[in-house]
Amino acid sequence: VIASVVTAVNGHSVNDSVVADTGFFDLERVEVLKGPQGTLYGRNAANGVINLITARPTSEFEGSYGVEVGNFGAIRTNAVVNMPLGDSLRTRLAVMSNKRDGMVQNLVTGNEFDDRNDMAFRLSVDYDLSDSTQIQFTYSDQESDDNRYQEEASFCQQDPFYGCSPYARGGL
C-alpha cells in the first residue's frame, strides 16, 4: 500500500520508518501541506505532505542535552551543539539515541524481543559567500538495530511446503 501523504525532511521525501525510528529531533518547524502536492513531491502526494524542517546553524555558541527515561529500560537522549567558526561559517551537530529493552517474551525460548536501538545524527554547515549568497550543507545518518516483529509474520498461516510466505495456501 502506498501512502497518499508524503513525509519529507527539508523538502526531500523520506520513508515513514525514518521518522518512526528517530522521531522529531532538532526541528525548526513542521509544515503541513494539504491537498495534492504532486508538482513538487510526486504523484504519491495526493493528500498532502508533512515536511519536517531541521534547525539551521546560528551565529551563537549554544547547546542542549535532554534525557528521557521510561519503563523497559527505555532511554532516549538528544544533544545539540551549535558552533560558529567565524562570521561567515556556522556549524550545528544534532545527535539522537533511543534504546529500550524487549517488551515481549517468547514463551517457548524465554527470550525477549521487540527492543529498540536507534541512533541518528545530523551535521549542518552554513557558509556565507556574500551578503546575498549562502551555501547550506546537511549530512544526516541513521542506524536502527532491533528485533521487533513484523505484522505479516505475526499473522502468517504456516504451509508445509512454502512455510510462512505470501504463497502459502490461505494467504497471510
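Before any of the text, the structure's been laid out above.
All of the points below concern the structure found in this document. (Residues numbered from 1 in each chain as written. Predicted model: local features only at pLDDT ≥ 70, side-chain atom pairs only at ≥ 80, totals over all residues. Heavy atoms only, no water.)

Here's the deal with the environment of D128
Line of reasoning, step 1. In this fold, D128 is placed in strand β10 (residues 116-128).
Line of reasoning, step 2. With a relative accessible area of 23%, D128 lands in the partly exposed category.
Line of reasoning, step 3. In the structure, D128 is positioned 41 residues away from D87 in sequence and 8.5 Å away in space, judged by C-alpha atoms.
Line of reasoning, step 4. If near-sequence neighbours (up to four positions away) are discounted, D128 is found in contact with D87, S88, R90, T133 and Q134.
Line of reasoning, step 5. At a separation of 3.0 Å, a polar atom in the side chain of D128 contacts the side chain of R90.
Line of reasoning, step 6. Among the polar contacts listed, one links the side chain of D128 to the side chain of Q134, at a separation of 3.0 Å. (Helix = DSSP H or I, 4+ residues; strand = E, 2+ residues; numbered from the N terminus. Buried < 20%, exposed > 50% of the residue type's maximum accessible area, 1.4 Å probe, protein only. Contact = heavy atoms within 4.5 Å. Polar contact = N/O pair within 3.5 Å; in protein donor to acceptor, adjacent residues only side chain to side chain.)

Section: the pattern of salt bridges
Line of reasoning, step 1. Evaluated as defined, the whole model comprises seven salt bridges.
Line of reasoning, step 2. A salt bridge links D26 to R122, with the shortest nitrogen-to-oxygen separation between them at 3.9 Å. Of this pair, D26 sits in the loop between α1 (16-22) and β3 (27-34) while R122 sits in strand β10; the two residues are 96 residues apart in sequence, bridging distant segments of the chain.
Line of reasoning, step 3. Judged by relative accessible area, D26 falls into the buried class, the value being 17%.
Line of reasoning, step 4. Within this structure, D26, R92 and R122 form a network of salt bridges that share partners. (Salt bridge = Lys/Arg side-chain N within 4 Å of Asp/Glu carboxyl O.)

The analysis is restricted to geometry; functional conclusions fall outside its scope.
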